[in-house]
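# Structure assessment
One-letter residues, chain by chain:
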Amino acid sequence: MTARTGLPTVGIALAAALACAGVAHAQQKIVLKASDVHAAGYPTVAAVENMGKKLEAATGGRLAIAMFPSMQLGGEKESIEQAQVGAIALARVSVGALGPVIEDLNVFNLPFLFRNTAHMEKVIDGPIGQELLERVTNNPKAGLVGLCWMDAGARSLYDTKKPIRTIADLKGMKFRVMGNPMFVDMMNALGGNGVAMGYDQVFNALQTGVVDGAENNPPSFVFDNHYTVAKYYTLTEHLIVPEILVMSKKIWDGLSKDDQALIRKFAREAQLEERKLWNEYEQAAMAKAKAAGVTIIPVSDADKKAYQEAVKPVWDRYGPKFADLIKRIQAVE
Ligand code: GTR
């Protein structure tokens, strides 16, 4: 009887212990916990969920993904930290947020690095993209595996105060930027004041006036509701920063080679699937912003030049260590 009652207790204890970690095993089943700051339906969330469905189908339900969207598990910094310690398995974050952990990625965080989003896509799909994913995986301190990239379009400025028609209008305005010193420097170089904070705080900061504005791509601006308080959107497209899906190395190392190969395969597919969803979402976001009466301010090529020249100190400070890589990125046609 002791033996009979003992067994389930061990099973429950084990299941409970593992459920607290980023992976839950119920008998053979492995459920990978995933985190995203965006809500259900957002391209990155949908792509990772779809990846989970494919894993389930390919393994007869043995391997699955449980997605926790809408910052349920915290902001991006927290998600990265949880993946590092194995409290969650997958974190879909911006390369902007991961740069402070994996220095190699900061090359993508240089303002105006890519000519346009098509250029960025070519780079992440090709050998440079592959190389940087490997650098994530091989970073001895990070405890992460780089699985795939995702599109996040181009980031532009928005604010609650006034239309920004020229770069001079930025003077003295406080703009929220992602938690990476490069972006604080970038905003300061543009003449504003960069305030680094987590994505989870942006809406409140805009609403309460802690900041005058922020910067992001159209889907984040609109579908995370920032557009309801920030009524001016100036299309500077100063950053084209891809997203990245990383996995906890602790959890990765516990999987079989076959399971790892499946995850890699479906992650690569997710990279391309997200792109299609992204393009639709971006158009829908712009249409929604317009319909809501947001003032959309185009930026002429000449004006863009002024922004490009202004960020030169950021390039002087962060660019030299990436000199070779930058040349290779610029050479991608
Ligand atoms: C979004 C991105 C998020 C997050 C956010 C931010 O575009 O999808 O992952 O990084 O920007 O500004 O923090």
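Read on for an overview of the structure. Residue numbers restart at each chain and count upward from 1, following the sequence in its written direction. Only residues with pLDDT of 70 or above have their local features reported here, since the model is predicted, and side-chain atom pairs are shown and tallied only from 80 upward, although totals for entire chains, interfaces and linings are computed over all residues. Values reported for side chains reflect all heavy atoms of the structure, with hydrogen atoms and water molecules removed beforehand.

### Thoughts on the pairing of strand 5 (residues 144-150)
- A simple rule labels every residue: compare its accessible area, found with a 1.4 Å probe on the protein chains alone, to the largest value its type can have, and call it buried under 20%, exposed over 50%, or partly exposed in between. Numbering of helices and strands runs from the N terminus; a helix is a DSSP stretch of H or I covering at least four residues, while a strand is a stretch of E covering at least two. Within strand 5, seven of the seven residues are buried, which leaves it mostly tucked inside the rest of the structure.
- Two strands pair under a simple rule: DSSP has to find at least two bridges between them. Pairing analysis gives six bridges linking strand 5 to strand 11 (residues 243-248), with the strands arranged antiparallel. What sits directly across from Trp149, in strand 11, is Ile244.

### Re the site of the ligand
- Definition of nearness: a residue and a molecule or strand are near each other if at least one heavy atom of the residue lies within 4 Å of the molecule or strand. Around the ligand sit 13 residues, and of these His38, Glu76, Arg176, Asn216 and Glu243 come closest.
- Within the side chain of His38, an N or O atom sits 2.7 Å from an oxygen atom of the ligand.
- Nitrogen and oxygen atoms within 3.5 Å of one another constitute a polar contact, given that in protein one can donate a hydrogen and the other can accept it, and given that sequence-neighbouring residues count only through two side-chain atoms. Glu243 has a polar side-chain atom sitting 2.5 Å from an oxygen atom of the ligand.
- Here a cavity denotes a set of grid points, spaced 1 Å apart and computed over the protein atoms alone, in which a 1.4 Å probe fits but from which it cannot get out, and a pocket denotes an open set meeting protein on both sides within 12 Å along at least five of seven lines; residues with an atom within 4 Å of a point are reported as lining. Those molecules having more than half of their atoms within 2 Å of a cavity or pocket grid point set are described as sitting in that cavity or pocket. In this structure the site holding the ligand corresponds to the largest pocket.
- Residues are grouped as follows: Ala, Val, Leu, Ile, Met, Phe, Trp, Tyr, Cys and Pro are nonpolar; Asp, Glu, Lys and Arg are charged; all remaining types, including Gly, are polar. In the shell around the ligand, the residues fall into three nonpolar, five polar and five charged.
- A domain split of the shell around the ligand shows at least three residues from each of domain 1 (11-152 + 242-284) and domain 2 (155-240 + 288-331). Residue ranges assigned to the domains are those given by an automatic or database domain assignment.

### Notes on the pattern of salt bridges
- The working definition used for a salt bridge is a side-chain nitrogen of Lys or Arg within 4 Å of a carboxyl oxygen of Asp or Glu. Scanning the entire structure with this criterion turns up 20 salt bridges.
- The closest approach of N and O atoms between Arg317 and Asp185, which form a salt bridge, is 2.9 Å. Of this pair, Arg317 sits in helix 13 (residues 312-318) while Asp185 sits in helix 7 (residues 181-189), placing them 132 residues apart in sequence.
- Assessed through its relative accessible area of 21%, Asp185 is described here as partly exposed.
- A single salt-bridge network, built from bridges that share partners, covers Asp36, Glu76, Arg92 and Glu243.

### Topic: the environment of Gly126
- Relative to the helices and strands, Gly126 resides in the loop between helix 5 (117-125) and helix 6 (127-138).
- Gly126 sits in the buried class, given a relative accessible area of 17%.
- In this structure the C-alpha to C-alpha distance between Gly126 and Val332, which are 206 residues apart in sequence, comes to 9.4 Å.

### Focus: empty space enclosed by the protein
- Grid points are joined across faces, edges and corners, and a volume is the space filled by probe spheres set on the points. Taken as a whole and assessed by the stated rule, the structure comprises one cavity of 30 Å³ or more.
- Put simply, the largest cavity is a space of about 40 Å³.
- Counted by class, the lining of the largest cavity contains five nonpolar, three polar and two charged residues.

### Focus: the packing of aromatic side chains
- Aromatic contacts are taken between Phe, Tyr and Trp rings whose centres are within 6.5 Å, Trp giving its six-membered ring; a plane angle under 30 degrees counts as stacked, one over 60 as edge-to-face, and the others as tilted. Applying the stated criterion to the full structure yields nine aromatic pairs.
- With a centroid separation of 5.4 Å and 50° between ring planes, the pair formed by Phe108 and Phe114 is classed as tilted.
- Phe114 gets classed as buried once you look at its relative accessible area, which sits at 6%.
- Among the aromatic residues, ring-to-ring pairing joins Tyr42, Phe223, Trp278 and Tyr281 into one connected group.

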